[in-house]
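Chain residues, written in single-letter form:
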Amino acid sequence: MYYAIISEDIENSLALRQSARPAHLERLQALKAEGRLLVAGPHPAIDTPEPGEAGFTGSLVIAEFDSLEAAQAWADADPYIDAGVYQKVTVKPFKAVLP
C-alpha cells in the first residue's frame, strides 16, 4: 500500500536541508530503484519552483511500504530529521486513484 509522508520544516531550514540533502536523496533513489516511489518533492516557500533563499516549508513523499509501521520507521530515519530540518512528520495511508 502507498503511504504519504508529509513533513513540515522548521523556520529558515534551507542551510540544514542543503547539508543533509545528499543522504536524503540517496534514500529516495533507493525507493525509486525498488519501484516503490510514486512521487517525492519539497514545498517551495514561495510560489515558484525555484525559491532560492526563500527555501522550502516541507516535503511530500508518497511511496509503497508493507505497513503503516514500516512507513513510519522509514520516515523516522530520514536524514532531515537528524539534521533538524523537520519540526513535524505525519505518515498516513494513501490511495492512488488518478491518473
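In case you missed it, the structure is sitting above this.
Owing to the predicted nature of the structure, the values given are computational and were not obtained by experimental measurement. (Residues numbered from 1 in each chain as written. Predicted model: local features only at pLDDT ≥ 70, side-chain atom pairs only at ≥ 80, totals over all residues. Heavy atoms only, no water.)

What to know about the pattern of salt bridges
Rule in force here: The salt bridge criterion pairs a side-chain nitrogen of Lys or Arg with a carboxyl oxygen of Asp or Glu, the two atoms within 4 Å. Throughout this description, buried means an accessible area under 20% of the type-specific maximum (1.4 Å probe, protein chains only), exposed means over 50%, and partly exposed covers the range between.
Applying the stated rule across the entire model yields three salt bridges. With a shortest N-O distance of 2.6 Å, R17 and D9 are connected by a salt bridge. Per residue, the accessibility class of R17 equals that of D9, and both read buried.

Quick word on the environment of R21
Under the convention used in this document: By definition, any uninterrupted DSSP run of H or I lasting at least four residues is a helix, any uninterrupted run of E lasting at least two residues is a strand, and each is numbered from the N terminus.
Assignment of secondary structure puts R21 in helix α1 (residues 14-33). Taking relative accessible area as the criterion, R21 reaches 46% and is therefore assigned partly exposed. In the structure, R21 is positioned 59 residues away from Y80 in sequence and 7.6 Å away in space, judged by C-alpha atoms.

Digging into helix α2 (residues 68-76)
The test is simple: Arc, as used here, means the arc of the directions from the helix axis to the C-beta atoms. Whether two residues are in contact is decided by their heavy atoms, any of which lying within 4.5 Å being enough.
Where α2 is concerned, the buried positions are A71, W74 and A75. End-on view of α2: buried residues confined to an arc of 100°, all on one side of the axis. Close packing links the buried residues of α2 with β1 (2-9), α1, β3 (56-64), α3 (79-82) and β4 (86-94).

Quick notes on the sheet that holds β4
Going by this rule: Two strands make a pair as long as DSSP finds a minimum of two bridges between them. Geometry is summarised by axes, namely lines fitted to C-alpha atoms with helices restricted to the contacting stretch, and by angles between N-to-C directions that run from 0 to 180 degrees.
Taking strand neighbours across the sheet as the criterion, the four strands line up as β2-β3-β1-β4 in an open arrangement whose pairing is antiparallel. Two strands close off the open sheet at either side, each with one partner strand: β2 (37-44) and β4. The mean inter-strand angle of the sheet, taken between neighbouring strand axes irrespective of direction, is 10°. Two elements, β1 and β4, share eight bridges in a ladder whose sense is antiparallel. Looking at β4, one finds that E8 is bridged to K88. In this fold α1 packs onto β1, β2, β3 and β4, with an angle of close to 10° to the strand it touches most, β3.

It is worth stressing that arrangement in space is one thing and function is another; only the former is reported here.
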